[in-house]
There are 2 protein chains.
Amino acid sequence: MTSEEKAPRPLGDLERVVMEQLWAAPDALTVRRVYEQVSTTRDLAYTTVMTVLDRLQKKNLTERERDGKAWRYRAAAPREEMAADLMRDALDRAGDRREALVRFVDQVSDEEAALLREALAKLEEREG
Amino acid sequence: MTSEEKAPRPLGDLERVVMEQLWAAPDALTVRRVYEQVSTTRDLAYTTVMTVLDRLQKKNLTERERDGKAWRYRAAAPREEMAADLMRDALDRAGDRREALVRFVDQVSDEEAALLREALAKLEEREG
DNA sequence: CGCATCTACGACGTTACGTAGTAGATGCTA
DNA sequence: TAGCATCTACTACGTAACGTCGTAGATGCG
């Protein structure tokens, strides 16, 4: 517990753009599909997108399956899960968790505080 | 608001070690002091520590003041504040905040959930 | 069979960071 | 006040991650 894991580097810009495509899609996407989508915003080579997808795969941020000779990629976890993981990670690096949590709730908006209470209530309900 | 800030890269290993010295100290430390402390664990050159401190300064993670010809460094914010900031940042990158918060509280320990409730209660008390 | 398409893999530039050396400024001390 | 110790400023180099792309070879389809 409270292990000394290495901090997951935040995604690079292009990596983020690509992940967003995957998160937005209901199904697994081919490289070409991602390439087409990303192309509407950035002028990139097909292989660039392929490389990025490949690196995301190596980082276990995606899963992929064969579709003929092509790969279809999907996000390994929903965006919100990744966000939650990063929050966890940040909390793990705090010295005093209580203090960190206090400071955290101190800086969230009222709306977010409400969502947090809601989430905690749901948790209590579920776990007793 | 909800701007598209750049994700703060997590600290490098040595940067973290150095920040920990600063966080642990009640007052601002000279490079030499940090060097001495860090030296008990790692075999580094004095200038290496200086460089790291300098880079942390450029990233606004420290503040410094003159003391003769030397600089004295202190952490710009407590460790818990940085943790809270990283949590905020992670939350900002989530698509659906509600979902992200649900997933977050889902993975915290019972103890942490209790601390969170406590922090929220304190907040309510203070802000009504 | 041949063309279009896909992957595999290597490559190069940039930036962050770990690491350190040198030169020159500066302050204390005999 | 001359000189030594110490500090900063600046430069530099290696590595790793990432943005970016090209080439070569495998593969599926008409």
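Reading guide: rules and limits
- Residues numbered from 1 in each chain as written.
- Chains lettered and ligands numbered in written order.
- Predicted model: local features only at pLDDT ≥ 70, side-chain atom pairs only at ≥ 80, totals over all residues.
- Heavy atoms only, no water.
- UniProt positions renumbered as here; feature names shortened; annotations may be inferred.
- Core = buried A, V, L, I, M, F, W, Y, C linked by side-chain atoms within 4.5 Å.
- Buried < 20%, exposed > 50% of the residue type's maximum accessible area, 1.4 Å probe, protein only.
- Helix = DSSP H or I, 4+ residues; strand = E, 2+ residues; numbered from the N terminus.
- Contact = heavy atoms within 4.5 Å.
- Salt bridge = Lys/Arg side-chain N within 4 Å of Asp/Glu carboxyl O.
- Pairing = 2+ DSSP bridges.
- Axes fitted to C-alpha atoms, helices over the stretch in contact; angles between N-to-C directions.
- Near = heavy atom within 4 Å.
- Polar contact = N/O pair within 3.5 Å; in protein donor to acceptor, adjacent residues only side chain to side chain.
- Least-squares fit on C-alpha atoms with pLDDT ≥ 70 in both.
- Domains from an automatic or database assignment.

Looking at an unreviewed UniProt entry, one finds chain A named BlaI/MecI/CopY family transcriptional regulator, with Kribbella antibiotica as its source organism. In its Sequence similarities (unreviewed entry) section, the UniProt record describing chain A reads: "Belongs to the BlaI transcriptional regulatory family."

By size, the foremost hydrophobic cluster in this structure holds 36 residues, and its most contacted members are Met87(A), Phe104(A), Leu116(A), Met87(B), Phe104(B) and Leu116(B). Breaking this core down by element, the ones donating at least two residues are α4 (79–92), α5 (97–107) and α6 (110–127) of chain A together with α4 (79–93), α5 (97–107) and α6 (110–127) of chain B. Excluding anything up to four places from it in sequence, Phe104(B) contacts Ala84(A), Met87(A), Arg88(A), Leu91(A), Met87(B) and Leu116(B). Counting 20 residues, the second largest nonpolar core, distinct from the first, contains Leu14(A), Val18(A), Leu56(A) and Ala75(A).

Per the counting criterion, the structure on display carries 34 salt bridges over all chains. A salt bridge links Glu81(B) to Arg103(A); its shortest N-O distance comes to 2.7 Å. Pair noted here: Glu81(B) is in helix α4 and Arg103(A) is in helix α5, and the two residues belong to different chains. Arg88(B) is the salt-bridge partner of Glu112(A), the closest N and O atoms lying 3.1 Å from each other. Placement of Glu112(A) in helix α6 and of Arg88(B) in helix α4 is noted, with the two residues assigned to different chains. One network of salt bridges, in which partners are shared, links Arg88(A), Asp92(A), Arg97(A) and Glu112(B).

Moving on: the sheet that holds strand β2 (residues 62–67) of chain A. Residues and elements named next belong to chain A. Judged by pairing direction, the sheet is antiparallel, and its three strands sit side by side in the order β1-β3-β2 without closing on themselves. The outermost strands of the open sheet, each flanked by one partner alone, are β1 (29–30) and β2. Packing of helix α1 (residues 13–24) onto the sheet brings it into contact with β1, β2 and β3 (70–75), and relative to β3 it is tilted by some 85 degrees.

Here we come to the protein's contact with DNA strand C. Every one of the 25 residues lining DNA strand C counts as a neighbour, but Arg32(A), Lys69(A), Asp13(B), Thr51(B) and Arg55(B) are closest to it. Take the atoms of DNA strand C that sit within 4 Å of the protein: sugar and phosphate atoms are 58% of them. Leu14(B) is positioned with one of its backbone polar atoms (N or O) 2.9 Å from a phosphate oxygen of DNA strand C. Here a phosphate oxygen of DNA strand C and a side-chain polar atom of Lys59(B) are 2.8 Å apart. Listed by contribution, the elements that provide at least two residues to the surface near DNA strand C are α2 (31–39), α3 (46–58) and β3 of chain A together with α1 (13–24) and α3 (46–58) of chain B.

Below, the discussion takes up the relation of the copies chain B and chain A. The two copies are related by a screw motion: chain B maps onto chain A through a turn of 179 degrees and a shift of 0.0 Å along the axis, at an RMSD of 0.2 Å. Seen this way, the second copy is the image of the first under a two-fold rotation axis. Closest approach to the rotation axis within chain B is made by the C-alpha atom of Met87(B), at a distance of 2.3 Å. Both copies present the same face, since 100% of the interface residues in chain B are matched by interface residues at the equivalent positions in chain A.

Taken together, 23 residues lie around DNA strand D, and Asp13(A), Thr51(A), Arg55(A), Arg32(B) and Lys69(B) are the ones closest in. Taking the atoms of DNA strand D that fall within 4 Å of the protein, sugar and phosphate contribute 60% of them. Here a base nitrogen of DNA strand D and a side-chain polar atom of Arg55(A) are 2.7 Å apart. Mapped by element, the contributors of at least two residues to the surface near DNA strand D are α1 and α3 of chain A together with α2 (31–39), α3 and β3 (70–75) of chain B. With four residues, α3(A) is the largest single contributor of residues to the surface near DNA strand D.

This part covers the pairing of β3(A). Residues and elements named next belong to chain A. Where β1 and β3 come together, two bridges link them in antiparallel fashion. The residue of β3 that forms the bridge with Leu29 is Tyr73. Pairing between β2 and β3: six bridges, direction antiparallel. Paired with Asp67 across the strands is Ala70, a residue of β3. Here β2 folds back onto β3 in antiparallel fashion, the turn holding two residues, of which Gly68 has a positive phi close to 70 degrees.

Put simply, an interface is often sized by how much accessible area is lost when its parts join up. In terms of domains, chain A is made up of domain 1 (13–75) and domain 2 (79–127). Here domain 1 of chain A and domain 2 of chain A have C-alpha centroids that lie 30 Å from each other.

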